[in-house]
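Residues per chain are reported as follows:
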Amino acid sequence: MKQSEQWTSKLGFILAAAGSAIGLGAIWKFPYVTGTSGGGAFFVLFLLFTVLVGLPLLLGEFVIGRSTQQEAITAYKTIAPGTGWHWIGRLGVVTCFILLSFYSVVGGWIVLYLFRSVTGQLIDVEGGYEKLFETVIADPVMTVGAQFVFMLFTIFVVARGVQDGIEKANKYMMPALFLLFLVLIIRSLTLDGAMKGITFFLRPDFSKLTSEAVLYALGQSFFSLSVGVSVMVTYSSYLAQNESLPRSAASIVGLNLLISLLAGLAIFPAVFSLGVEPTAGPGLLFMVLPSVFSKIPLGGLFLTIFLVLFLFATLTSAFSMLEIIVASLVKGDMTKRKKIAWLTGLLIFVAGVPSALSYGVLSEWTIFGKSIFDTADFLVSNILMPLGALLIAIFVPLKMKRDMLLKEISMGSTNGRRFFAVWLMLLRYVAPIVIIIVFMDVLDVI
């Protein structure tokens, strides 16, 4: 059964796909790694790898989804019937299930901090922000309750469908994301010493380009675009036949790079103007930024804006993770969507409870020395996503006919055979080699 729903416009698709790609990593980790790994030099390297690896993989998923007009699992079955290739789709569904189970925990932390910020409980915290963060994530009632609230909103949007739910939410949330960033950048740049932050973030320093930084740029080039889990197969299956896939992919890549750039411009001028040590990961959002904003005029307001921004970025990614699971079960039958969205969403919430409790009552439960939360994160980021991306890079040139690929890439586009030949070469040869290198690195083989 072909998809009964479609995006109402190309813009709706681009905003939804960009929302899926722009997650927490692009905002809290990428700017920091850029700053500590060569600044502008690292950014250029990341841009190069994104064009050579991430973009071809993204287009590969688009071609699979749009050509079949089917959700992830059925799309692979349609192209390669009677084979086991549909397990790429199943792998994507399982990956998104695990990913959303712990991603929603972080979403819950943001909900808790946003509530505290709105009620004025995040400025001048007694005992410091590090102690507050440790207290918040160790509280079983607060963490599980906030995770539940986050999942409720995610389920509500996805249950409403592609047009009335996901597309409509992204049409409001993504422009709001950019506006909030611009407000924060203006405020950050007006602080004394702001240029130190800009210099840290963007000045090219090739002496800091270590092999580790190069490998991170390689990995981030496809992680940052939500490729490897077949989310984009499902999203592109709702796309009209006359839309240009290369232009859509280029727009999504451009938006993702822009958000990463805006994040750095918003964060580092403020951090450096107050002499605070920048940090990557959760510490930046939950410990460093509240400390920074507590020291500037109207800091409580700007901290609230930042938390809303982070919540929007987290939710738009969560929508896509739940959608691929729901779509694979609904299979185009809209009468089932609402029921399946609620059932699967609540099941993901239950599966995520151990991750929510892994810094509190289950802190002593470890798997290979890692907490439950960190184990789930490692499994998804270091094994399942690269594996999915590698299989997709192999599948498209191997199992899809060249004429079909050329037709999909050329449709609604002025791109000729030369662009097609370059794309196919990058997907067939460059992407698999890069993914294998990243795979070997994260597993400490190299």
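Structure: above.
Here we summarise the structure given alongside this text.

Rules and cut-offs
Residues numbered from 1 in each chain as written. Predicted model: local features only at pLDDT ≥ 70, side-chain atom pairs only at ≥ 80, totals over all residues. Heavy atoms only, no water. Helix = DSSP H or I, 4+ residues; strand = E, 2+ residues; numbered from the N terminus. Rg over C-alpha atoms; globule rule 2.2 N^0.38 Å. Buried < 20%, exposed > 50% of the residue type's maximum accessible area, 1.4 Å probe, protein only. Areas by Shrake-Rupley, 256 points an atom, 1.4 Å probe, with all protein chains shown as cover. Lys, Arg positive; Asp, Glu negative; His and termini not counted. Charge placed at Lys NZ, Arg CZ, Asp CG, Glu CD. Contact = heavy atoms within 4.5 Å. Core = buried A, V, L, I, M, F, W, Y, C linked by side-chain atoms within 4.5 Å. Salt bridge = Lys/Arg side-chain N within 4 Å of Asp/Glu carboxyl O. Expected span 1.5 Å × (residues − 1). Bend = angle between axes of the 7 residues up to and from the residue. Patch = residues over 30% accessible without salt bridge, like charges linked within 9 Å, V, L, I, M, F, W, Y side chains within 5 Å. Phe/Tyr/Trp six-rings, centres within 6.5 Å; stacked < 30°, edge-to-face > 60°. Axes fitted to C-alpha atoms, helices over the stretch in contact; angles between N-to-C directions. Parallel < 35°, antiparallel > 145°, perpendicular 65-115°, else oblique. Left-handed = near helix turned anticlockwise from the far one by under 90°.

Next up on the list: the overall build of the protein chain. From N to C terminus, the protein chain includes 18 helices and two strands. For a compact globule of 446 residues, the expected C-alpha radius of gyration is about 22 Å, and the protein chain comes in at 21 Å, within 12% of that figure. Along the first, second and third principal axes, the C-alpha atoms of the protein chain reach 65 × 50 × 45 Å. Relative to its 446 residues, the protein chain shows a buried fraction of 60%. When the accessible surface of the protein chain is totalled, it reaches about 17,400 Å², and 67% of it is carbon and sulfur. Separation of charge centres in the protein chain, based on 30 positive and 24 negative side chains, amounts to 12 Å.

What follows concerns the environment of Arg-90. Structurally, Arg-90 is set in helix 5 (residues 87-118). A sequence separation of 234 residues divides Arg-90 from Ile-324, and the C-alpha atoms of the two residues are 10.0 Å apart. Beyond its immediate chain neighbours, meaning those up to four positions away, Arg-90 contacts Ile-73 and Lys-77.

What follows deals with the nonpolar core. Core analysis: the biggest nonpolar cluster contains 168 residues, and Leu-57, Ile-64 and Trp-423 have the highest contact counts within it. No other element matches helix 14 (residues 299-330), which puts 20 residues into this core. Those residues in contact with Leu-57 that sit more than four places away from it in its chain are Phe-222, Val-227, Ala-389, Ala-393, Leu-427, Ala-431 and Ile-435.

Moving on, we come to the pattern of salt bridges. Counted according to the given criterion, the structure contains four salt bridges. Here Glu-408 ties to Arg-66 by a salt bridge, and the two come within 2.6 Å at their closest N and O atoms. Here Glu-408 is found in helix 17 (residues 402-410), whereas its partner Arg-66 is found in helix 3 (residues 40-68), with 342 residues between them in sequence. A relative accessible area of 2% means that Glu-408 is categorised as buried.

Moving on to helix 16 (residues 372-399). Across its 28 residues, helix 16 extends 37 Å between first and last C-alpha, which sits within 8% of the 40 Å expected from 1.5 Å per residue. Along its length, helix 16 reaches its greatest deviation from straightness, about 35 degrees, at Val-380.

What follows concerns the environment of Gly-283. Following the sequence through the fold, Gly-283 ends up in helix 13 (residues 282-293). C-alpha of Gly-283 to C-alpha of Tyr-129: the two residues are 154 residues apart in sequence and 9.4 Å apart in space.

Our next topic: a nonpolar patch on the surface. Side chains of Phe-148, Phe-156, Trp-342 and Leu-346 sit close together on the surface and give an oily, nonpolar patch of about 340 Å² of accessible area. At the level of elements, helix 7 (140-159) and helix 15 (337-356) are the ones that each hand at least two residues to the nonpolar patch. You can see Phe-148 is positioned in helix 7.

So, on to the packing of aromatic side chains. What characterises a pair of aromatic rings is the spacing of the ring centres plus the angle enclosed by the ring planes. Evaluation of the coordinates by the stated rule reveals 27 aromatic pairs. Plain terms: the ring middles of Phe-30 and Phe-42 are 6.0 Å apart, the flat faces sit at 45 degrees to each other, and that makes the pair tilted. One end of the pair, Phe-30, is in helix 2 (residues 24-36); the other, Phe-42, is in helix 3, and twelve residues separate them in sequence. By way of ring pairs, the aromatic residues Phe-102, Trp-109, Tyr-113, Phe-133, Phe-286, Tyr-359 and Phe-373 are connected into one cluster.

Below, the discussion takes up unusual backbone geometry. Not every positive phi belongs to a glycine, and Gln-69 is a case in point at roughly 55 degrees. With respect to the helices, strands and loops of the structure, Gln-69 is situated in the loop between helix 3 and helix 4 (72-79). Located in the positive-phi region is Ser-230, a residue other than glycine, with phi close to 65 degrees. Exposure remark for Ser-230: the relative accessible area of 0% places this residue in the buried category.

It is worth spelling out the packing of helix 12 (residues 245-273) against helix 13 at this point. Any two packed helices are characterised by the angle at which their axes cross and by the distance between the axes. Where helix 12 meets helix 13, the axes come as close as 9 Å, and the angle between the chain directions of the two elements is 55 degrees. By the angle class used here, helix 12 and helix 13 are oblique. Between helix 12 and helix 13 the crossing geometry is left-handed. Residues Ile-267, Ala-270 and Val-271 of helix 12 form the contact with helix 13, whose participating residues are Leu-284, Val-288, Leu-289 and Val-292.

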